[in-house]
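Fold and contact review
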Amino acid sequence: MLIGEFSAEDYACWRQALVAGLPGGETLFLANEQYDPALIEIALVANPPAGSLAGLKNLRLIQSLWGGVDRLLSDPTLPSDAPIVRLVDSNLTQAMTECALACVMFLHRQLPAYARQQTAREWKQLPQALTKERRVGILGFGQLGRAVARALASLGFDVAAWSASGQRVDGIKSWSDANGLFGLVERTDILINLLPLTDKTKGILNAALFGDLPKGASIINLARGGHLNETDLLDALDRAQLSHAILDVFEHEPLPPQHPFWTHPRITVLPHVAAVTDVKSAAKIAAENIKAFRAGRMPAPLVDRAKGY
């Protein structure tokens, strides 16, 4: 069964892509169709509404079609005995890497300042640091974080990372505990958040963290809106503790028209476009995972419900 926050057109696209790759004998039901819940053994999900999977008594596998699973795990009715497979897609990784690089270069080359100068019709060349003089910190060092770190390091940036799991990459400084988080933040000019959203990381982008960053640092949030304390961000920007913020994700999406982020001169708003799921490649991965499951092999990577990702 396929279920998510899809339009009728989206459902049609997913159906076409999935049917093309599913093994023989599989029947695909869409959540907006009539079906017998007892027949459903595998659920393909993308931010399904709470309660959507509660009645599927014979559910044996849940395949996520989205990069994050925080909303799925927050559903108190989620069946507890069905393994959840995360979507790992090289196209998704490439898209996130591209967006992170674009955001870092936007800040590194001081384009927000030049945009303000253009508005004021001011011609002024600003001193420009070399990439090796710009310290980039990454929160979250999973597949996405490691790909972003390697790409930035290849351009000469001074890159470091922090993660709960203590992942390592040759040539990249990394930390994994509370003291390490402070160690990362205090040496960072541009901070990129790529953490999974869990109880431990919710609200991590807050006044305390902003205060530990060097004055004039910038942040890029490409993970989840729940990581950010919005009031603390506005205060840090207005006090010039932070110079700029690029935000792709928000607590409430779409961002309400009256929200102060839209008009703040030191905030760049993106409409959750850093890494959009590619239907064709995601459907192919899901189909291959279903084939493996039917053949008696558990697909990977599995979500660790205790960790929240």
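That block above? That's the structure.
Notes on the structure in this doc start here.

Rules of the game
Residues numbered from 1 in each chain as written. Predicted model: local features only at pLDDT ≥ 70, side-chain atom pairs only at ≥ 80, totals over all residues. Heavy atoms only, no water. Core = buried A, V, L, I, M, F, W, Y, C linked by side-chain atoms within 4.5 Å. Buried < 20%, exposed > 50% of the residue type's maximum accessible area, 1.4 Å probe, protein only. Helix = DSSP H or I, 4+ residues; strand = E, 2+ residues; numbered from the N terminus. Contact = heavy atoms within 4.5 Å. Pairing = 2+ DSSP bridges. Axes fitted to C-alpha atoms, helices over the stretch in contact; angles between N-to-C directions.

1. Examining the nonpolar core
One finds Phe-210 and Leu-233 to be the most contacted residues of the largest nonpolar core, which totals 27 residues. Every element with two or more residues in this core is listed here: strand S6 (158-162), helix H6 (178-186), helix H7 (207-212), strand S9 (217-221), helix H8 (230-238) and strand S10 (242-247). It is H8 that contributes the most residues to this core, four residues altogether. Setting aside residues no more than four positions away along its own chain, Leu-233 makes contact with Phe-210, Ile-219, Leu-228, Leu-242, Ala-245, Leu-247, Phe-261 and Ile-267. One finds Val-136, Ala-161, Ile-220 and Ala-274 within the second-largest nonpolar core, a separate group that totals 24 residues.

2. Concerning the sheet that holds strand S8 (residues 190-193)
Within the open sheet, the seven strands sit side by side as S7-S6-S5-S8-S9-S10-S11. Their pairing is parallel. If you trace the sheet from one side to the other, it starts and ends with strand S7 (173-175) and strand S11 (267-269), each paired once. Adjacent strand axes in the sheet meet at a mean angle of 15 degrees when their direction is disregarded. Inspection of the sheet shows S9 paired to S10 by five bridges, in the parallel sense. Looking at the pairing, Ser-218 lines up with His-244 of S10. H8 contacts S9, S10 and S11 of the sheet and is inclined by roughly 140 degrees relative to S10.

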